[in-house]
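Structure at a glance
Take a look at the letters that make up each chain.
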Amino acid sequence: MSTKKYLVVSSHESEFPNPITFRKGDPLVVGEEYEGTEEWDNWFLCSSPGQEPGWVPGQVIERLEGSEGRALDDYTARELNVLEGERLTGARSLNGWLWCEKSTSKESGWVPLENLKEIEE
């Protein structure tokens, strides 16, 4: 998987201290689809046994009957708290978000693409 460098142009702080996290094959209960003014399409509010519900990209959900689903991949909804001016390495983009790692601390998580600007290094 190729990575690119990014500059944080707008700070982001997670509102979800206990992100949903699951392994490939885990059962999911699939709820409502996200509706908002952002261009964050194909996100679903899911729950998994023993965890608080969280937003999951449709690409990692196998839809079964009714609201039942199964994880197609390992996933965590962990968001990365970032400050304007920080430099990040981004690896995987899904539905308006990018999986990033801080260059200074190796912390990782999802950051909205709208808060980032790709840079050359």
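Now for a description of the structure that goes with this document. (Residues numbered from 1 in each chain as written. Predicted model: local features only at pLDDT ≥ 70, side-chain atom pairs only at ≥ 80, totals over all residues. Heavy atoms only, no water.)

Some thoughts on the pattern of salt bridges
Across all of its chains, the model carries seven salt bridges by this definition. Put simply, Glu86 and Lys102 hold a salt bridge, and the shortest N to O gap is 3.4 Å. With Glu86 in the loop between β8 (75-76) and β9 (87-94) and Lys102 in strand β10 (residues 97-102), this pair connects stretches of sequence that are 16 residues apart. By relative accessible area, Lys102 is classed as buried at 10%. Residues Lys106 and Glu101 are paired through a salt bridge, measuring 3.8 Å at the closest nitrogen-oxygen approach. Relative accessible area serves as the criterion here: at 55%, Lys106 is assigned to the exposed category. Since its relative accessible area comes to 32%, Glu101 is described here as partly exposed. Among the charged side chains, a salt-bridge network with shared partners connects Glu86, Lys102 and Glu107. (Salt bridge = Lys/Arg side-chain N within 4 Å of Asp/Glu carboxyl O. Helix = DSSP H or I, 4+ residues; strand = E, 2+ residues; numbered from the N terminus. Buried < 20%, exposed > 50% of the residue type's maximum accessible area, 1.4 Å probe, protein only.)

Some points on the pairing of strand β7 (residues 68-71)
Where burial is concerned, the two faces of β7 differ: the one with Gly69 and Ala71 is buried and the one with Glu68 and Arg70 is not. As paired elements, strand β3 (residues 27-33) and β7 share three bridges and run antiparallel to each other. Along β7, the bridge assignment pairs Val29 with Glu68. Examined bridge by bridge, strand β6 (residues 61-63) and β7 share three bridges and lie antiparallel to one another. Bridging from a neighbouring strand, Arg63 pairs with Gly69 of β7. (Pairing = 2+ DSSP bridges.)

Thoughts on the side chain of Thr76
Within the secondary structure, Thr76 is located in strand β8. Accessibility expressed as a relative area gives 14% for Thr76, which makes it buried. When residues no more than four places from it in sequence are discounted, the contact partners of Thr76 are Pro19, Ile20, Thr21, Trp99 and Trp110. (Contact = heavy atoms within 4.5 Å.)

A closer look at the environment of Leu7
As for its placement among the helices and strands, Leu7 is situated in strand β1 (residues 4-8). Since its relative accessible area comes to 25%, Leu7 is described here as partly exposed. Taking the C-alpha atoms as reference, Leu7 lies 27 Å from Val60; in sequence the two are 53 residues apart.

Comments concerning the sheet that holds β6
Strand order in the open sheet formed by five strands is β5-β4-β3-β7-β6, and the pairing between neighbours is antiparallel. Of all the strands in the sheet, just β5 (54-57) and β6 have a single pairing partner and so form its edges. On average, each strand axis in the sheet is tilted by 50° relative to the strand beside it, whichever way the strands run. (Axes fitted to C-alpha atoms, helices over the stretch in contact; angles between N-to-C directions.)

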